[in-house]
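Now for the letters of each chain:
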Amino acid sequence: MADAEVERRMKVMRGDTCTISTRRRTYRRIESKAGSSRSHKESYIQKERSYLQFIKIETKNPPTSIPCSSSLTRRFFDRPLDSKCFNVGALDQLFIRDGTLDKLLWNHNWSVDGTVSFFRYPADKKLPSRWSPLGSFFVTSNYDVVSIWGSRYYTDFGRLMRFSHYQVEEFDISPGEKYLVTYNRPDPTDPNGLWLKIFDVSTGTGIVGLNNGDVADSPMGWGKDDTYFATLSKSNTVSVYEARTFNLLGKSPLKLDDVIDISWSPTEAVLAILLKAGGEQPLKVLLLQIPDEVKLAEKEITAIVGDCKMHWQSNGEYLAVNTYGGFEFFRIKEEGIPTDFLKVDKRILAFAWEPSGHRFAVIYGDEPTLSVSFYSMKTPGKITELTTLSNKQADSLFWSPKGNLVVVAALKEGKLEFFDVDRLAQISSVANVKANQVVWNPSGEYVATVSTIPQEEFYSDWCSDPNDPLDRFTIWSSGGDCLFVHQCQNRIMQLDWRPYGGIIDDDMLKTQ
């Protein structure tokens, strides 16, 4: 590494040249996650006003149609369900934004192209559409309305509820699907107008909102079971709220200064907080149990602010944090939450946990030839290297939901390598793939690849070539066999499989 670059990094680590920007307001989600419990108790309370004051609102939009069950979500439908719902193929529904249309696709057998569109809705290219986090319903937005769609059977898919918000620009759904949050652009000239609203999904009732004089500086990060959510202010302080009352927990923000990032554990009410340390080390990671504000673990780390990221394993068993020269790992479920350090003395391009597992993968090195290493956290107090793939072209990692397979992708070069981590062996390698997204279906049986474009780059008079490889998506088997290519009418802007979600869906899968 050049001397000048070494000196620059050391200055950043000492805080000499570091400028932190957390003041931007975006509508993207802080990944929802949640925690663990133990250790001694500390109270972190801050007195000054740097938090949000929610306003109660009274709006109600009754269901536009009556679902076939007393609930809007599949998780609470009365058994037995329609026999088609017990077919994995029926569960594997795909959302694509094909030009100016949102389409939901279904295929009786994804091994062949029998794909049919069972839902179409005009899309506003400025506004998103997406599945709910558990896949219970589909959500669209259009100017001043957010709608949720769904049904007991895929054949009678219809609108279930409408939520009104003038000039809505974005929406979010809490991880447990209890709340819908809608946003528009704050208007300082109208201090009494509401730029944010929160609705009860099951009833359509508006609960609270924020007026234009009370603007959040970060999205709302939801904890486990939609019980708590947190925000990060422009003054770099953290406020935690109880969703049942929308009141500030402890009546004050946490007494923590210079917070850089926050992230909930996926399984328990534990908040991971990255902040400036103020000592010899530039940064610190703090784990807090909510709501009691119990400090579970604290660790000072050497890291460059812009490169430091927190990565929760999907079961909340481990937390990995990028540091200068490697990763710091927290073993959340072990007594005392011990830590391990993994040294990686080359540039890190990608990191990914195995879903619900103890393994992870890292891409590192200098282009064009890189290394991909696989490790295990299974042995307490030890990080075990399983294997390293050398001289690879790679920039992304995509684990199967089952965890045993991973796609090592070089998207720029159009290469995909399907790798079996159980056998530590390559299954297949594919070249000339036109894609910037690789998406596993929830059962781990299929992989979709597609080349999407940003919504603002699409125009309604786009002239599509029926043979254009960029106007299609490809379905692959989990072993890397190309099953079929589906040609669309226009460029694709979004693609995502329907999540399986709740308990009944797990039972469905057990019957396969």
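All values derive from a computational prediction rather than experimental measurement.

Notes on the overall build of the chain
In step 1: Within the chain, the regular secondary structure consists of three helices and 37 strands.
In step 2: Residues classed as buried in the chain amount to 55% of the 512 residues present.
In step 3: Taking as baseline every contact in the chain between residues at least 6 positions apart, the subset at least 24 positions apart corresponds to 52%.
In step 4: For the chain, the accessible area works out to roughly 23000 Å², and carbon and sulfur atoms hold 47% of it.

A look at the sheet that holds strand E27 (residues 369-376)
Sheets are built from strands paired through backbone hydrogen bonds, the pairs being either parallel or antiparallel.
In step 1: One open sheet accounts for four strands, arranged E25-E26-E27-E28; its pairing is antiparallel. This sheet does not close on itself; its edge strands, each paired only once, are strand E25 (348-353) and strand E28 (384-392). Between one strand axis and the next, the sheet turns by 15 degrees as a mean value, whatever way the strands run.

Description of the nonpolar core
In step 1: In this structure, Leu 274, Leu 287, Ile 301, Leu 319, Val 321 and Phe 330 are the most contacted members of the largest nonpolar core, which totals 20 residues.
In step 2: Residue assignment for this core shows that the elements contributing at least two residues are strand E18 (270-276), strand E19 (283-289), strand E20 (294-301), strand E21 (310-312) and strand E22 (318-323).
In step 3: With four residues, the top contributor of residues to this core is E20.
In step 4: Look past the residues within four positions of Leu 287 in its chain and what remains in contact with it is Val 270, Leu 271, Ala 272, Val 294, Lys 295, Leu 296, Ala 297, Trp 312, Leu 319, Phe 330, Ile 332 and Ile 337.

A short note on the environment of Ser 314
In step 1: Looking at the secondary structure, you find Ser 314 in the loop between E21 and E22.
In step 2: Exposure remark for Ser 314: the relative accessible area of 34% places this residue in the partly exposed category.
In step 3: Within the local environment of Ser 314, its side chain forms a polar contact with the backbone nitrogen of Ser 356, the two atoms lying 2.6 Å apart.

Let's talk about the pairing of strand E23 (residues 326-331)
In step 1: For E23, the buried fraction is high: six of the six residues fall into the buried class.
In step 2: In terms of strand pairing, E22 meets E23 through six bridges, oriented antiparallel. Residue pairing in the sheet places Val 321 in a bridge with Glu 328 of E23.
In step 3: In the sheet, E23 pairs with strand E24 (residues 339-343) via five bridges, with the strands oriented antiparallel. By the bridge assignment for E24, Phe 330 is matched with Thr 339.

Considerations on the confidence of the model for the chain
In step 1: Across the chain, pLDDT averages 80, with 77% of residues at or above 70.
In step 2: Ignoring residues within four places in sequence, the model shows residues 1-48, a span with pLDDT below 50, making 132 contacts including any to other chains.
In step 3: In the model, residues 63-89 has pLDDT below 50 throughout and makes 74 contacts with residues more than four positions away in sequence or in other chains.

Observations concerning the packing of aromatic side chains
In step 1: Going through the model one piece at a time under the given rule, you end up with 31 aromatic pairs.
In step 2: Judged by centre distance (5.8 Å) and plane angle (85 degrees), the rings of Phe 54 and Phe 229 are edge-to-face. One end of the pair, Phe 54, is in the loop between helix H1 (3-14) and strand E1 (55-60); the other, Phe 229, is in strand E14 (residues 228-232), with 175 residues separating them in the sequence.
In step 3: With a centroid separation of 6.0 Å and 40 degrees between ring planes, the pair formed by Phe 327 and Phe 329 is classed as tilted. For the pair shown, Phe 327 and Phe 329 are each scored as buried.

Structural notes on the pattern of salt bridges
In step 1: Taken as a whole, this structure holds 18 salt bridges when the rule is applied.
In step 2: Between Lys 103 and Asp 98 there is a salt bridge, with the nearest N and O atoms lying 3.0 Å from each other. For the pair Lys 103 and Asp 98, one class covers both residues: buried.
In step 3: A salt bridge links Glu 298 to Lys 295, with the nearest nitrogen and oxygen atoms 3.0 Å apart.

Here's the deal with the sheet that holds E24
In step 1: A sheet is described by the order of its strands in space; here four strands give the open sequence E21-E22-E23-E24, paired in antiparallel fashion. Both edges of this open sheet fall to E21 and E24, since each of them pairs with a single strand only. Put simply, the sheet's adjacent strands are angled 20 degrees from each other on average, direction ignored.
In step 2: In the sheet, E21 pairs with E22 via three bridges, with the strands oriented antiparallel. Residue Met 310 lies in a different strand from E22, and its bridge partner there is Val 321.

With respect to the side chain of Glu 170
In step 1: Residue placement: Glu 170 occurs in strand E9 (residues 170-173).
In step 2: We classify Glu 170 as buried; its relative accessible area is 3%.
In step 3: Here Arg 130 takes part through its side chain, which lies 3.3 Å from a polar atom of the side chain of Glu 170.

About the thresholds
- Residues numbered from 1 in each chain as written.
- Predicted model: local features only at pLDDT ≥ 70, side-chain atom pairs only at ≥ 80, totals over all residues.
- Heavy atoms only, no water.
- Helix = DSSP H or I, 4+ residues; strand = E, 2+ residues; numbered from the N terminus.
- Buried < 20%, exposed > 50% of the residue type's maximum accessible area, 1.4 Å probe, protein only.
- Contact = heavy atoms within 4.5 Å.
- Areas by Shrake-Rupley, 256 points an atom, 1.4 Å probe, with all protein chains shown as cover.
- Pairing = 2+ DSSP bridges.
- Axes fitted to C-alpha atoms, helices over the stretch in contact; angles between N-to-C directions.
- Core = buried A, V, L, I, M, F, W, Y, C linked by side-chain atoms within 4.5 Å.
- Polar contact = N/O pair within 3.5 Å; in protein donor to acceptor, adjacent residues only side chain to side chain.
- pLDDT = per-residue confidence, 0-100.
- Phe/Tyr/Trp six-rings, centres within 6.5 Å; stacked < 30°, edge-to-face > 60°.
- Salt bridge = Lys/Arg side-chain N within 4 Å of Asp/Glu carboxyl O.

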